[in-house]
Amino acid sequence: MHHSSEAAADASGLPGRSAWLCWVHHPALSAVICAPRCTKALIPHPKHSPMGAPSCSVSRRVSHPPRIAGMVLKVFFPSCCSSAESGILIGRWIPEQSSAVILAVLHFPFIPVQVKQYLREVQQVTNVNISVLGSWNNSKQEKEESLSEFLEDLGTIFSHEPWIQISKEGDSKFWNCSTLQKQSDNHREEEIVLVYYDQRKVMLSHLHPPLDTADLGAEDASKLSAIFNTVASSKVLFMTDRYDDGPIKMTHWQSDGVEASIIVELMKQASVPACMLLTFLLSLVSGVCNSRALKFWPLSFLWSKLSTCEQLGHRLQHLQVISSSKKAQNQTQLMRKANIFVSLLIDVALGILLMSWLYRKNQIGHLADTLIPVADHVAEELQDLLQWLMGAPAGLKMNRALDQVLGRFFLYHIHLWISYIHLMSPFIEMILWYVGLSACLGLTVALCILSDIIALLTFHIYCFYVYGARLYCLKIYGLSSLWRLFRGKKWNVLRQRVDSCSYDLDQLFIGTLLFTILLFLLPTTALYYLVFTLLRLLVVIVQGLIHLLVDLIDSLPLYSVILRFCRSYRLAAGVKFRVLEQKDGKPLRLLMQINPLSYGNVVQTYRLPTYSCYPKDSWASLCKKLFLGELIYPWKHKGEKQE
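Residues numbered from 1 in each chain as written. Predicted model: local features only at pLDDT ≥ 70, side-chain atom pairs only at ≥ 80, totals over all residues. Heavy atoms only, no water.

**What to know about the overall build of the protein chain**
Secondary structure assignment for the protein chain yields 18 helices and 14 strands. The 643 residues of the protein chain split such that 42% are buried. Carbon and sulfur atoms make up 63% of the accessible area of the protein chain, which amounts to about 35,500 Å² in all. (Helix = DSSP H or I, 4+ residues; strand = E, 2+ residues; numbered from the N terminus. Buried < 20%, exposed > 50% of the residue type's maximum accessible area, 1.4 Å probe, protein only. Areas by Shrake-Rupley, 256 points an atom, 1.4 Å probe, with all protein chains shown as cover.)

Following this line, the structure appears as structure tokens:
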């Protein structure tokens, strides 16, 4: 009776017998590994085993001394070689794990000297200790003693300990796996675990270290990465196929022909002159941007405060990374380049779509005609708000003189702003027409221009906020200083602390008068400050939402997400195993499958950095600034302390 089960393990190594219990979490599989061979209820069903899939046993050409329990011998066999012709097994032996990673099957006829010379050349290129690990017998005849003996004798030519032999069991669809250890004095009964793996997927996948290292140790991660690195580093071995004219014929995942694309190869050839031209143009643009003329005060201030200039500089850095002739050193740098390229491509495509919509059916003219009435409506609403504040807002009794002064001051600014808007109205359509052309640089550039336009159109609201905040902040700090005067304290500027101080009667009298005046004028100033602060926060929230969309487009690793969706095995987080066959007297046979990285971890791992000019204040710091009347800027200040 046979059964099959699945055991998922996001583990990262193939340790010995004791560590396998922690790696494979399925209870049935753990019982199969730990239980004696006579356990019948946990044996998988043969119908779940693939045709031609090997089963394993242990045979030795030695006498019969007492046997003791030994380590688990793991043989990683590529599933693409199950139907290969007879030959020898090429791979890497990992003694720390008692594991053999089979990479290819080398077929007859061959000359041993040429095979050894070829393996030495491969070792020099790949820095992987590749050798002949054993023999592979795929003879369809029931008894082929001459071939079996010849394959055993190859162990004396290609000396390797242990010598692995995989052969067919007569008419059975299973295979027999045995090991020969001629130089060992301790005859231990070894358990052989045959693990099938998809060589193409393991070759193309990139194993990511676990983000949470509490569950998986670094040692286990290195054990699984050793297997993946062995297959990935043997790329030179997979470049030879069965159609080559050389003396060596092998079977592996590319034995029918090297996997390639004509379109990709043509794009690689065409990208070289394109990158050279782009690098030359970028060097010119960088030289202009770094010139001294742009470092003087007005231009340097605008470059640092306008989000459009910041986004253009950010995209210029991205173009320099893509057009760089320096080859990516590792998988992380390669994925970063690919993510930047796809992000730029999609950004420009969305910008061109926006530009086509703007210039279709005179949409820019409609926007220009709508902009002036909207600005007039906003100005009228602000005038009504100021008239309400100059009366008795919400039934509050305000200071009449200060209320009238502040109200007329702000009404005059609104009158100036309306005059400025109507003066610019004949040129607004032309300005929008040229601004729409900037969408060809990308949707993010167009969004940043929109954010700057909103900042310019609401500049009068920003001025109101600054005036109200300065008056409110002056009174708050004046009241706090006079309150310390009543308590016999003062602020020590040099030592940045509060010290004791003695005041005479005149100082206390003047302080009392000033404290009373500021205290009774505070409600009027605080009301204006509160109203204009809310208006300013509304504008900042709108600009913040626009910049969140810009940061999302800039930082989202679109190529990695698409790769995770289309070819999930390329981004591996670990492996999982499925039990294929477990029979009495035969070893365990497993199928290794790649466990892909989750979408959240993909975004977290390959997220691109952004310029993010907005300050990252905590809620406590923001509330403190609002209460004290400190200005809230939509950009970072030099020397500003971020909490």
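**Side note on the side chain of Arg 315**
Structurally, Arg 315 can be placed in helix H9 (residues 307-322). There is a polar contact of 3.0 Å between the side chain of Arg 315 and the side chain of His 318. Ignoring any residue separated from it by four or fewer positions in sequence, one finds Arg 315 in contact with Ser 343, Leu 344, Asp 347, Thr 444, Ile 553 and Asp 554. (Polar contact = N/O pair within 3.5 Å; in protein donor to acceptor, adjacent residues only side chain to side chain. Contact = heavy atoms within 4.5 Å.)

**Description of the packing of aromatic side chains**
Given two aromatic rings, one states the distance between the centres and the angle between the planes to describe the pair. A full pass over the atoms with the stated rule returns 17 aromatic pairs. Relative to Phe 464, the ring of Phe 410 lies with its centre 5.0 Å away and its plane at 65°, an arrangement referred to as edge-to-face. One end of the pair, Phe 410, is in helix H12 (residues 400-437); the other, Phe 464, is in helix H14 (residues 459-486), and 54 residues separate them in sequence. Residue Phe 464 is classed as buried on the basis of its relative accessible area of 0%. An aromatic cluster is defined as three or more aromatic residues linked by ring pairs; in this entry it consists of Phe 409, Phe 410, Phe 464, Tyr 467, Tyr 528 and Phe 532. The ring of Tyr 599 has Arg 564 lying over it, and the distance from NZ or CZ to the ring centre is 4.6 Å. (Phe/Tyr/Trp six-rings, centres within 6.5 Å; stacked < 30°, edge-to-face > 60°. Lys NZ or Arg CZ within 6 Å of the ring centre and 35° of its normal.)

**Some details on the side chain of Ser 438**
By secondary structure assignment, the location of Ser 438 is in the loop between H12 and helix H13 (443-457). In this structure Ser 438 comes out as buried when scored by relative accessible area, which is 15%. With residues near it in sequence (within four places) discarded, Ser 438 still touches Val 445 and Ile 449.

**Focus: the packing of H12 against H14**
Packed helices, taken two at a time, are described by their axes: the angle between them and the distance between them. At a minimum axis separation of 10 Å, H12 and H14 run at an interaxial angle of 155°. Taken together, the axes of H12 and H14 lie roughly antiparallel to each other. For H12 against H14, the interelement crossing comes out right-handed. Residues Leu 402, Leu 406, Phe 409, Phe 410, His 413, Ile 414 and Trp 417 of H12 form the contact with H14, whose participating residues are Phe 459, His 460, Phe 464, Tyr 467, Leu 471 and Lys 475. Taken together, the residues that form the contact of H12 with H14 break down as 10 nonpolar, two polar and one charged. (Axes fitted to C-alpha atoms, helices over the stretch in contact; angles between N-to-C directions. Parallel < 35°, antiparallel > 145°, perpendicular 65-115°, else oblique. Left-handed = near helix turned anticlockwise from the far one by under 90°. Nonpolar A, V, L, I, M, F, W, Y, C, P; charged D, E, K, R; others polar.)

**Here's the deal with the packing of H14 against helix H18 (residues 619-628)**
One way to put it is that H14 packs onto H18 with a least axis distance of 8 Å and a crossing angle of 90°. Taken together, H14 and H18 sit at an angle that is classed as roughly perpendicular. Mapping the contact onto sequence places Tyr 472, Cys 473, Ile 476 and Tyr 477 in H14 and Leu 626, Phe 627 and Leu 628 in H18. Per-class residue counts for the contact of H14 with H18 are seven nonpolar, no polar and no charged.

**Overview of helix H16 (residues 558-566)**
For H16, the full list of buried residues reads Leu 558, Ser 560, Leu 563 and Arg 564. Elements in contact with the buried residues of H16: helix H10 (331-358), strand E13 (571-581), strand E14 (589-596) and helix H17 (599-606).

**Some details on the UniProt feature "transmembrane region" (unreviewed entry) in the protein chain**
On the UniProt side, "transmembrane region" (unreviewed entry) is annotated at positions that read residues 270-289, 340-359, 405-424, 431-458, 464-486, 507-531 and 537-562 here. Summarising residues 431-458: 79% helix, 0% strand, and an end-to-end C-alpha distance of 17 Å. Helix makes up 100% of residues 464-486 and strand 0%, with an end-to-end C-alpha separation of 33 Å. (UniProt positions renumbered as here; feature names shortened; annotations may be inferred.)

**Considering H18**
Buried residues of H18: Ser 621, Lys 625 and Leu 628, and no others. Buried residues in H18, looked at end-on, bunch into an arc of 75°, giving them a common side. Exposed residues on H18 whose side chains face more than 90 degrees from its buried face are Trp 619, Ala 620 and Phe 627. Its buried side turned inward, H18 meets H14 and helix H15 (505-555). Backbone geometry just downstream of H18 places Gly 629 in the positive-phi region, at approximately 85°. (Arc of directions from axis to C-beta.)

**Considering the pairing of strand E5 (residues 130-137)**
Within E5, eight of the eight residues are buried, which leaves it mostly tucked inside the rest of the structure. Bridging between strand E3 (residues 87-94) and E5 involves six bridges; their strand directions are antiparallel. Opposite Gly 91, over in E5, you have Ser 131 as the bridge partner. (Pairing = 2+ DSSP bridges.)

**Topic: unusual backbone geometry**
Backbone geometry places Ser 98, a non-glycine residue, at a positive phi of 55°. Within the element layout of this structure, Ser 98 appears in the loop between E3 and strand E4 (99-107). Overall, the relative accessible area of 16% leaves Ser 98 in the buried class. Its identity as a non-glycine residue notwithstanding, Asn 127 has a phi of 60°, on the positive side. Topologically, Asn 127 is positioned in the loop between helix H3 (112-126) and E5. Since its relative accessible area comes to 69%, Asn 127 is described here as exposed.

**Concerning the pattern of salt bridges**
Throughout the structure, instances matching the rule amount to three salt bridges. For the salt bridge of Arg 315 with Asp 347, the shortest nitrogen-to-oxygen distance reads 3.1 Å. Pair noted here: Arg 315 is in helix H9 and Asp 347 is in helix H10, with a separation of 32 residues, a long-range link. What makes Asp 347 buried here is its relative accessible area of 1%. The salt bridge partner of Asp 499 is Arg 497, with a shortest N-O separation of 3.0 Å. Several salt bridges converge on common partners, so that one network encompasses Arg 315, Asp 347 and Asp 554. (Salt bridge = Lys/Arg side-chain N within 4 Å of Asp/Glu carboxyl O.)

**Concerning a nonpolar patch on the surface**
Where nonpolar side chains cluster on the molecular surface, the patch consists of Phe 427, Met 430, Ile 431, Trp 433, Tyr 434 and Leu 437 and spans about 600 Å² of accessible area. Inspection of the secondary structure assignment puts Ile 431 in helix H12. (Patch = residues over 30% accessible without salt bridge, like charges linked within 9 Å, V, L, I, M, F, W, Y side chains within 5 Å.)

**A look at the environment of Gln 593**
Here Gln 593 lies in strand E14. In sequence terms Gln 593 and Val 575 are 18 residues apart; their C-alpha atoms lie 5.6 Å from each other. Residues in contact with Gln 593, not counting those within four places in the same chain, are Gly 574, Val 575, Lys 576 and Arg 578.

**Description of the environment of His 107**
Relative to the assigned elements, His 107 resides in strand E4. In this structure His 107 comes out as buried when scored by relative accessible area, which is 9%. Spatially, the C-alpha atom of His 107 lies 6.7 Å from that of Ile 88, the residues being 19 residues apart in sequence. When sequence neighbours within four positions are dropped, the list of residues in contact with His 107 reads Ala 84, Glu 85, Ser 86, Gly 87, Lys 249, Met 250 and Thr 251. A polar contact of 2.4 Å, which involves the side chain of His 107, links it to the side chain of Thr 251.

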